[in-house]
Structure formats: structure tokens, C-alpha cells
Amino acid sequence: MSTIVIDHLARVEGHGGITVELEGDAVSNVRFDVFEGARLLEGLVRGRRYDEIAPIVSRICSICSPAHCLTSLKATENALGVQVSPQTDLLRELLLRGESIQSHALHLFFLAVPDYLDRPSAIAVAAEHPAAVMLGLRLKRLGNLIQETIGGRAIHPVNAVPGGFGRVPSADQLIAIRSALIEAIPDAEAMLDLIASLPDAGFCHTPTAYAALYSPDSDRYYAGDQLMIVSNGDRATVPAADYRSLTNEQPVAHSHAKHSTFNGNPFMVGSLARLTVNPSRITEGSATASGRLKLSIPSDNPMDNNKAQAVELVNDLGLALDMVERLIHDGVKDEGCVPVTPRAGTGVGITEAPRGLLVHSYTYDDQGCVVSADVITPTAMNAASLEQHLRKTVEQSAERDEATLKKKLQMIARAYDPCISCSVHLIRR
Amino acid sequence: MKPDLVIGLGNPLMGDDGAGAAAAEVLANDRRLARRVDVISADTDVLSCANRMERRRRVLLIDAVQGDVPGNVSVLRESPSVDGQQHAHHLSAPAMLALLRQVTPTLRDTEFIWILVTVSSASVGMQLSPEAATAIPKVVERVRQELRRR
């Protein structure tokens with residue numbers, strides 16, 4: 001028996017990475033080890049008041065902090081019977097678009113592109129292609145500008161609170177975002193040219209099930225109230241509040257992340273899943289982008305998640321511009337927050353974080369303090385699907401040398417954009 | 001030129017990893033200091049504060065570093081070594097800074113100083129270990145010393 005071990009996907013206290021065991025050329029076992037911080041962090045919110053929860057959980061991840069904050073608020077408001085205004089819904093959706101723009105820019109330009117160009121890091125890419133890295137930085141800054149304006153800070157928003165927003169953006173601030181979004185149109189074109197020019201990465205093909213938030217009546221990811229799974233052309237939905245019937249989490253011995261399966265099969269969440277579940281949400285511009293990248297939906301290639309992120313980046317820029325135009329046209333009212341009265345109850349919040357479905361669920365006592373919490377991250381939901389794709393990658397590879405297999409395995413893992421390493425970031429000497 | 005910038009790094013939910021953020025919080029609450037220095041917390045995303053670094057003579061980054069002597073405080077005038085692309089989801093703080101300096105000409109003349117507090121490990125929790133908590137006043141004093149240096 002031989003073993004391929006990649007232990008640098010996570011950097012947390014020896015946890016981590018990928019292990020593939022081979023009997024000859026046959027794969028006997030695949031493990032994707034996850035230090036899944038959110039699970040352990042649930043204990044930190046027990047006993048805390050409803051207005052303390054979102055600021056705490058937003059720190060689960062700096063890249064995904066708006067999604068954790070807003071998903072938490074959604075769960076809390078559902079538990080406490082708070083109905084926010086349409087303006088708050090729109091501003092929260094805009095905040096999520098900002099997060100998606102900066103997160104996809106980070107992943108595509110600084111984490112995925114080096115793989116395709118066979119360079120060890122974004123720093124090596126920057127030495128040869130500085131314009132490409134600057135392009136990524138400009139798009140990331142645009143996302144951060146939206147987050148800072150709406151959320152009050154570039155990361156860990158403080159302005160989104162139970163019942164609404166602490167303060168609303170001024171007309172001048174919205175006009176500044178609109179200008180930045182319009183100026184980013186050439187950057188979006190250049191981004192598509194870059195992604196379209198990358199070498200093909202079709203080394204793993206297998207039928208894949210996809211799950212994403214869905215709403216028949218809305219084009220918003222924040223407002224979706226159903227979960228849809230698409231598998232072999234069949235579509236099934238479950239109410240968002242009944243998320244456990246989708247995730248069916250089971251503990252596994254080798255990972256801190258429970259594995260999610262639907263009808264016994266793994267499923268993938270994230271950009272490729274959203275495009276598969278919600279084709280009607282794609283704007284005309286991003287449909288063109290999809291064609292330029294030769295992205296065919298449904299896809300049997302997990303590497304297509306990178307292309308799907310590029311399509312979503314174009315889509316997010318268009319959606320954000322539409323939202324900002326609407327807010328400028330209608331005028332943003334300083335409407336204050338909806339009053340919150342503590343009460344006992346349970347609430348579920350689900351949104352689409354950049355890397356997929358994000359679930360928060362809290363049970364409150366009659367004083368408005370958390371009794372129990374459940375947080376399921378996209379990376380945890382993707383763990384079983386990723387292991388399936390890692391196995392197929394090895395099985396389908398014509399090259400059997402360890403270096404090539406390791407490179408392919410890491411590319412597959414990165415294509416999922418997993419959120420493993422951001423919970424802690426100690427410098428190691 | 002803008003005032004010197006102090007950036008606290010680290011995740012306050014991950015125990016001693018949040019030492020940099022804790023020190024930055026102390027400095028941000030010092031009103032006399034706040035009149036001549038900008039202090040922010042970037043948690044684990046240095047890229048998010050890229051535009052805040054520009055047009056500064058000095059940027060001080062406070063971070064936790066894993067080592068054998070918990071509570072030790074050290075100053076690095078060269079960035080810690082960059083560990084390549086080891087992470088699936090993120091770049092390390094030194095890698096992000098190296099990347100920014102490589103592609104942003106206006107950052108090349110800025111002096112970057114790392115104030116590092118040694119911790120033995122980081123695990124889930126909102127409290128610093130006694131060693132790390134004891135080191136915070138030392139970190140704050142080292143930052144003040146650096147800011148007094150011309």
C-alpha cells in the first residue's frame with residue numbers, strides 16, 4: 001500500500017489536509033481532514049444576549065464575516081419574530097454582494113490562478129504578471145469598499161444589527177460606490193479574458209449533486225427561503241427551516257467536520273451549485289461571460305467552480321450596480337431599527353456565503369440569551385463531496401507519479417475555495 | 001504623508017491568536033496616541049486594509065507568533081519569511097504584505113515593522129492565556145517606543 005499525504009491545506013496545530021491510500025493503482029481510502037472552527041465556536045455564544053451574537057460569530061472568518069454576521073442576524077430575527085424593512089433587506093443583500101466580489105477576487109487571482117500557471121504562489125505570479133495581480137487587488141478593494149460603506153468596516157461589520165442598520169449610507173457614499181462599480185466594468189472584462197486564457201483543467205469528471213438557496217419569488221440570496229438540490233436532472237426542495245433534512249450530518253472519525261449527504265449522496269455547494277440551481281438569476285452580461293469561459297451547466301467537473309466564480313463576479317457587479325441605482329433613485333431613509341423584544345424561541349438563518357450555503361440556528365430563552373446554537377459552514381457541507389472528487393481525481397489520472405497527483409489533488413481542493421485556515425493565522429517560524 | 005499606522009492582527013475568537021488585536025484595542029483607546037497615530041484591527045485579512053497603508057512613512061503590524069517562550073515580545077524590521085501558498089483559502093499575513101509591496105510602488109518606501117508576541121498555541125476561546133495577557137502591556141510599550149523613534 002502507498003499513501004499520498006498533503007498536510008499543508010490547513011495550518012492549525014497539525015490538523016490537516018488530504019490523505020489518499022492506494023493499493024497498487026486503486027484508491028482504497030480518501031480523507032479530507034478539517035479543523036472546523038465554527039463547530040467549536042458555537043459554545044462561545046451560549047448564554048450571550050441576542051445583540052452580542054452577530055459581532056462574535058462574524059469573527060469565525062475574516063473573508064466571510066458579512067455572511068456570518070447577516071446569517072446570524074437572520075436566525076436571531078426569525079427566533080425573536082422581527083420583520084425587517086425592505087430597505088434593510090436590500091442593504092443587506094448589497095453587503096453580501098460586496099463580500100462575494102472581494103472573496104471571489106481573492107480566490108481567483110491569488111489562490112487559483114497560481115495553480116493554473118504552475119506557480120507556487122501569487123507572489124510568483126506578481127513577479128511575471130503584475131497587471132493581473134493589480135487587477136485582482138482592484139476588484140477586491142471594490143468589494144471591501146461596499147463592505148466598509150454598508151457594514152461600517154471592511155471586515156467584521158458593526159453596522160448591521162438586529163432589526164436593521166445602526167446608520168444608513170448617505171447619497172454621496174452610494175454615488176461613490178456606483179462610480180467604482182462602473183469603473184470596474186473594464187476590469188471585469190479583463191478578468192474574463194484572463195480566466196478564459198488559463199489552461200484547461202478537466203482532469204476530474206463525475207456526476208455531481210448541487211445544493212443552493214432558492215426562492216421562486218426573489219432574485220436575492222439573502223431572502224431565499226428554500227433549499228434546492230439538483231442531482232441527475234432531478235430537483236428537490238426543502239424549507240430552509242428544515243435544513244437538517246438536507247444536511248443529514250453524520251460524524252466521521254477522521255475529521256472535525258461532520259459529513260453531509262442527501263439521500264445518501266454527497267452534494268456540492270458554492271458558485272457552481274448556485275448557477276446550477278438558480279439559472280434564472282444570471283444577468284445577460286454574466287450569461288455572456290459563461291459562454292466566453294465555455295462553462296456548461298450542469299457540470300461534471302469540480303474545477304468549473306473557478307469559472308463559476310468568475311461568472312458570479314460579473315453577475316455580482318451587475319446586481320450591485322442595480323441595487324445601488326435603486327437605492328439612489330428611491331432615496332435611503334433613516335428609518336431606525338425595528339424594536340426587538342426578547343422572547344423564547346428558535347430561529348434558522350440561511351444565506352449564500354461566497355463558498356456556499358451557510359446555516360445558523362439559535363434557540364433563545366425568554367431573556368433573549370442563547371441556549372443552544374448550530375452553525376454549519378459550506379466547507380463542512382462540501383467535505384464529503386470533496387472526498388468523492390479527490391478519489392475520482394486519482395482514479396482518472398493517467399499520470400501516476402506522486403508530484404502530479406499531489407498537484408491535481410491540491411487544485412481540486414482549492415477549487416472548492418475551502419474555509420479551513422482562516423480561523424487562526426499564527427505565524428510559524 | 002498620513003500619520004503612522006498600527007495594525008493589530010489575529011482572531012479574537014482563537015485565544016492567543018488574538019493577541020495582536022487585543023494590543024491594538026488598548027492602543028486605539030489611548031486618546032493621546034490616537035491624535036497622532038491611526039490604529040486599526042485587520043483580524044486575519046491584511047489585504048482588506050491595503051488602501052489604509054498607502055502614503056504612510058511607517059506601518060507597525062502586531063501579530064502572534066508561535067514559539068517556545070510564551071509572552072516574549074520581539075521586533076522585526078524585516079518581514080517574516082513567506083511560506084508560499086500553503087493555504088487553500090487565504091494567504092498568510094507576511095505573504096499578503098509581500099504581495100502588496102511587490103505590486104504597489106507607493107508601499108515600497110514605507111517602513112514596515114513587526115511587533116511579535118510569542119504564544120505557544122491558539123485554540124477556540126475568547127480569553128488570552130495568562131502569558132499572552134501579561135505580554136500585552138509589553139507589546140503596547142514596544143509599539144510606543146517604536147513610534148517615538150524618528
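So, here's what we can say about the structure. Position numbers for residues start from 1 in each chain and track the written sequence from start to end. Lettering for chains starts from A, numbering for ligands starts from 1, and both go in the order in which the items are written. Owing to the predicted nature of the model, reporting of local features is limited to residues with pLDDT of at least 70; listing and counting of side-chain atom pairs is limited to 80 or more, with chain, interface and lining totals taken over all residues. Side-chain metrics rest on all non-hydrogen atoms present in the structure, leaving aside hydrogens and water.

**With respect to the side chain of T208 of chain A**
Residue and element names in this part refer to chain A. In this fold, T208 is placed in the loop between α8 (185-197) and β6 (210-214). The buried label goes to any residue with under 20% of its type's maximum accessible area, the exposed label to any with over 50%, and the partly exposed label to all in between, with areas taken from a 1.4 Å probe on protein chains only. Overall, the relative accessible area of 10% leaves T208 in the buried class. A distance of 3.0 Å separates a polar atom in the side chain of T208 from the backbone oxygen of T206. A distance of 2.9 Å separates a polar atom in the side chain of T208 from a polar atom in the side chain of H389. Contacts of T208, omitting those with residues within four sequence positions, involve V230, M268 and H389. Secondary structure elements are taken from DSSP: a helix is a run of H or I of four residues or more, a strand is a run of E of two residues or more, and numbering for both begins at the N terminus. Throughout this description, a polar contact denotes any pair of N or O atoms lying within 3.5 Å of each other; where both atoms belong to protein, one of them has to be capable of donating a hydrogen while the other can accept it, and for residues adjacent in sequence the pair is counted only when both atoms sit in side chains. A contact between two residues is defined here by any heavy atoms of the two lying within 4.5 Å.

**Details of the nonpolar core**
The term nonpolar core refers to a set of buried residues drawn from Ala, Val, Leu, Ile, Met, Phe, Trp, Tyr and Cys, joined through side-chain atoms within 4.5 Å. Core analysis: the biggest nonpolar cluster contains 120 residues, and F110 and M191 of chain A together with I7 and M53 of chain B have the highest contact counts within it. Here this core takes 15 residues from helix α4 (residues 86-116) of chain A, the largest share from any one element. Residues in contact with I7 of chain B, not counting those within four places in the same chain, are I40, A42, C49, M53, V59, L60, L61 and I62 of chain B.

**As for the environment of R153 of chain A**
Residues and elements named next belong to chain A. Counting through the fold element by element, R153 comes out in the loop between α6 (130-151) and β4 (160-161). For the pair R153 and P66, spaced 87 residues apart in sequence, the C-alpha to C-alpha distance is 10.0 Å. Excluding residues within four positions of it along the chain, R153 makes contact with R59, Q147, E148 and V158. Within the structure, R153 has its side chain in polar contact with the backbone oxygen of H156 (distance 3.2 Å).

**Section: the sheet that holds strand β3 (residues 26-33) of chain A**
Residue and element names in this part refer to chain A. Strand order in the open sheet formed by three strands is β1-β2-β3, and the pairing between neighbours is antiparallel. Each edge of the sheet is formed by a strand with only one pairing partner; in this case those strands are β1 (2-6) and β3. The sheet shows a mean angle of 10° between the axes of neighbouring strands, direction not considered. In this analysis, strands are considered paired if DSSP registers two or more bridges between them. Pairing analysis gives five bridges linking β1 to strand β2 (residues 17-23), with the strands arranged antiparallel. Paired with I6 across the strands is I18, a residue of β2. All axes here are fitted lines through C-alpha atoms, helices being fitted over the stretch that makes contact, and every angle between N-to-C directions spans 0 to 180 degrees. Across the sheet, helix α14 (residues 402-415) is in contact with β1 and β2; its angle to β1 comes to roughly 45°.

**Some points on the packing of helix α2 (residues 50-57) of chain A against helix α3 (residues 65-80) of chain A**
Residue and element names in this part refer to chain A. Relative orientation of the contacting elements α2 and α3 amounts to 160°, with a least axis distance of 8 Å. With respect to each other, α2 and α3 are oriented roughly antiparallel. As for the relative orientation of α2 and α3, their crossing is right-handed in sense. Note on element contacts: α3 touches α2 through H68, C69, S72, L73, T76 and L80, opposite Y50, I53, A54 and V57. Side-chain classes are defined by residue name, with Ala, Val, Leu, Ile, Met, Phe, Trp, Tyr, Cys and Pro counting as nonpolar, Asp, Glu, Lys and Arg as charged, and the others, Gly among them, as polar. Of the residues belonging to the contact of α2 with α3, the class tally is seven nonpolar, three polar and no charged. When describing relative orientation, an angle under 35 degrees is termed roughly parallel and one over 145 degrees roughly antiparallel, while 65 to 115 degrees is termed roughly perpendicular and anything else oblique. In this scheme, a crossing is called left-handed if the near helix is turned counterclockwise away from the far one by less than a right angle; it is called right-handed if the turn is clockwise.

**Description of the side chain of T276 of chain A**
Topologically, T276 of chain A is positioned in helix α10 (residues 271-277). Those residues in contact with T276 of chain A, other than ones at most four positions away along the chain, are Y210, V230, R235, I297 and P298 of chain A.

**Regarding the pattern of salt bridges**
One speaks of a salt bridge when a side-chain nitrogen belonging to Lys or Arg is within 4 Å of a carboxyl oxygen belonging to Asp or Glu. The final tally for this structure, using the stated rule, is 31 salt bridges over all chains. One salt bridge in this structure joins E399 of chain A and K408 of chain A, with 2.7 Å as the shortest N-O distance. A residue is classified by how much of its surface remains accessible, and E399 of chain A, at 37% relative accessible area, is partly exposed. Close ionic contact of D38 of chain B with R56 of chain B constitutes a salt bridge, the shortest N to O distance being 2.6 Å. Of this pair, D38 of chain B sits in strand β2 (residues 37-43) while R56 of chain B sits in the loop between α3 (50-53) and β3 (58-66), placing them 18 residues apart in sequence. Classification of R56 of chain B as buried rests on a relative accessible area of 3%.

**A word on unusual backbone geometry**
Backbone geometry follows two general trends: most residues other than glycine have a negative phi, and most peptide bonds adopt the trans configuration. Residue and element names in this part refer to chain A. Following I297, the chain continues into P298 via a peptide bond in cis, with omega recorded as 0°. Within the secondary structure, P298 is located in the loop between α11 (284-292) and α12 (304-330). Phi at D417 takes a positive value of approximately 55°, unusual for a residue other than glycine. Take D417: it is sitting in the loop between α14 and β12 (427-428). Classification of D417 by relative accessible area gives buried; the value is 1%.

**So, the environment of A415 of chain A**
Residues and elements named next belong to chain A. Structurally, A415 can be placed in helix α14. Residue classification places A415 among the buried positions, given a relative accessible area of 1%. Sequence separation of A415 and D304 is 111 residues, and the distance between their C-alpha atoms is 7.8 Å.

**Some thoughts on the environment of I40 of chain B**
Residue and element names in this part refer to chain B. Residue placement: I40 occurs in strand β2. By relative accessible area, I40 is classed as buried at 15%. Each C-alpha atom, one on I40 and one on R148, is 19 Å from the other, the two residues being 108 residues apart in sequence. Apart from residues no more than four positions distant in its own chain, I40 is found in contact with L5, V6, I7, G8, A24, C49 and R52.

**Some thoughts on α6 of chain A**
Taking 1.5 Å per residue as the helical rise, α6 of chain A with its 22 residues ought to reach 32 Å, and the 30 Å between its terminal C-alpha atoms agrees with that figure. At the C-terminal side of α6 of chain A, G152 of chain A shows a positive phi close to 95°. Expected span of a helix: the number of residues minus one, times 1.5 Å.

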